[in-house]
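Fold and geometry: a report
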Amino acid sequence: MDSAKQRVDEVVGAVKNNITMATESGLRVVRQYSDEGRTLALRTLNEANSEAGTVLRNAWTSFIELVQRLKSSAREVLDPSVLYEELRIFFRDEIARNNAFAILIGLGFGTTGGFMLGMWLARPHLPTPIMKSIASTSFRDPDNVVVCQTAVPQFQSASDILVRVRAASLNRIDRRIAFGYGRTLRRMIRTYNSTYDPELPLVLGRSCAGIVEAVGTGSKSGLEIGDEVWLATHWYEPGVASEFVVVPETRVSRKPFLIGFEGAASLPYSGSIALNLLDSHHLNEHTCKGRRILVQDACSPVGCVITQLVHKWGALVAATCHTRSVPVINNLGGYRKFDFGCAVQYSVRQNNKTTELAAIKCQSR
């Protein structure tokens, strides 16, 4: 029994010894591999640090060399003797000097042009000012005259005058203009004048009255801002039936104080034609007295002006007009009226002699 127990103790001791030896061997292997790994990692880290240090040292050396070269180049460039020698070589002959002068001129013009172009591109884009106008939008549609928006006119010369329109008048010529009258002439003018207004929309109205808003610096008319004026424009030019109008100083003057804007707007264009007709027939305050004058189409704006003038100058006025216009012609001074529906054959005999009869045909032009 004792021998069996002793044998069991020996076997257990042997197993313990084997387990202890196996554990120590495992720990020894783990420690060995750990030491080898740490050594490998340290070796790798040292090699990387050495390579990075080499790269940094090389970069720093290159930077120092570059700075030294720049310093030496700067000394050479700033050396007066070297600079003088380079300029002497550059301007060695007449051709080189001419080329250098041309280059400098080109650089100057290029710099100036670039600066001006940049300023032009950087300018603030302001919206174009617009205004309301009575204009023709086509030359075919019967309803082509409308109230539309057009651009505010700009000064074309230093003597122009800007007028805020208070009243404008339409004449018979405006109806013909709305259907294309004068279109060819306006196209010809636009060919030689790029600042001429576009063809459509075409503002109507030949005369107007208003208040001066601005006066050109070169104007010698004596007009000032706030003056009440009246004006007229040619039939081939844009009209004045708009909020603002720019005209030369020769076509505008102060309106009579006692006449309102509406009455003043109806006179300039028709009155100019009437005076032209009277002058072409040699009729004035000295030659009209006692004469008998026939005014055709006396109910037109031009006819009304002529009837009043020759009546005031002492002439006896016979007029042709519509039946509905007879009261108006009576008030203007006509002593004999002929309806348009009747043929006019009128002669006056006095003391068996034929009295001179001057006939004036009034048509808006």
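See above for the structure.
About the criteria used
- Residues numbered from 1 in each chain as written.
- Predicted model: local features only at pLDDT ≥ 70, side-chain atom pairs only at ≥ 80, totals over all residues.
- Heavy atoms only, no water.
- 1 Å grid on protein atoms, 1.4 Å probe; cavity = no way out; pocket = protein on both sides within 12 Å on 5 of 7 lines; lining within 4 Å.
- Points joined across faces, edges and corners; volume = space filled by probe spheres on them.
- Helix = DSSP H or I, 4+ residues; strand = E, 2+ residues; numbered from the N terminus.
- Nonpolar A, V, L, I, M, F, W, Y, C, P; charged D, E, K, R; others polar.
- Contact = heavy atoms within 4.5 Å.
- Expected span 1.5 Å × (residues − 1).
- Buried < 20%, exposed > 50% of the residue type's maximum accessible area, 1.4 Å probe, protein only.
- Pairing = 2+ DSSP bridges.
- Axes fitted to C-alpha atoms, helices over the stretch in contact; angles between N-to-C directions.

The next thing to look at is the layout of surface pockets. Within this model, the second largest pocket holds a volume of roughly 250 Å³. Looking at the second largest pocket, it is lined by 14 residues, and the ones nearest its centre are Trp 230, Leu 267, Pro 268, Gly 271 and Ser 272. Secondary-structure elements contributing two or more residues to the lining of the second largest pocket are β6 (228–232), β8 (252–254), α7 (268–280) and α8 (301–312). Among the elements that line the lining of the second largest pocket, the one with the most residues is α7, at four residues. For the lining of the second largest pocket, the class distribution of residues is nine nonpolar, four polar and one charged.

Our next topic: the environment of Gln 149. Assignment of secondary structure puts Gln 149 in strand β2 (residues 145–151). For the pair Gln 149 and Ser 242, spaced 93 residues apart in sequence, the C-alpha to C-alpha distance is 9.2 Å. If sequence neighbours within four positions are ignored, Gln 149 has contacts with Ile 130 and Met 131.

Attention now moves to the environment of Arg 172. Tracing the backbone through its elements, the reader meets Arg 172 in helix α4 (residues 172–178). Put simply, Arg 172 and Arg 206 are 34 residues apart on the chain and 9.9 Å apart in space, counted from C-alpha to C-alpha.

Attention now goes to α7. Helix length check: α7 (13 residues) gives 18 Å between terminal C-alpha atoms against 18 Å at 1.5 Å per residue, within 8%. Buried residues of α7: Pro 268, Tyr 269, Ser 270, Gly 271, Ile 273, Ala 274, Leu 277 and Leu 278, and no others. In the segment just after α7, His 282 is the residue with positive phi, at about 60°.

A few words on the sheet that holds strand β7 (residues 244–248). Across the sheet, five strands lie side by side as β7-β3-β5-β6-β8; this open sheet has antiparallel pairing. Every interior strand has two partners, whereas the edge strands, β7 and β8, have only one. Neighbouring strand axes in the sheet, compared pairwise and without regard to direction, differ in orientation by 45° on average. Bridging between strand β3 (residues 160–169) and strand β5 (residues 207–215) involves eight bridges; their strand directions are antiparallel. The residue bridging Ala 168 from the neighbouring strand is Cys 208, located in β5. Relative to β6, α7 is tilted by about 55°, and along the sheet it contacts β5 and β6.

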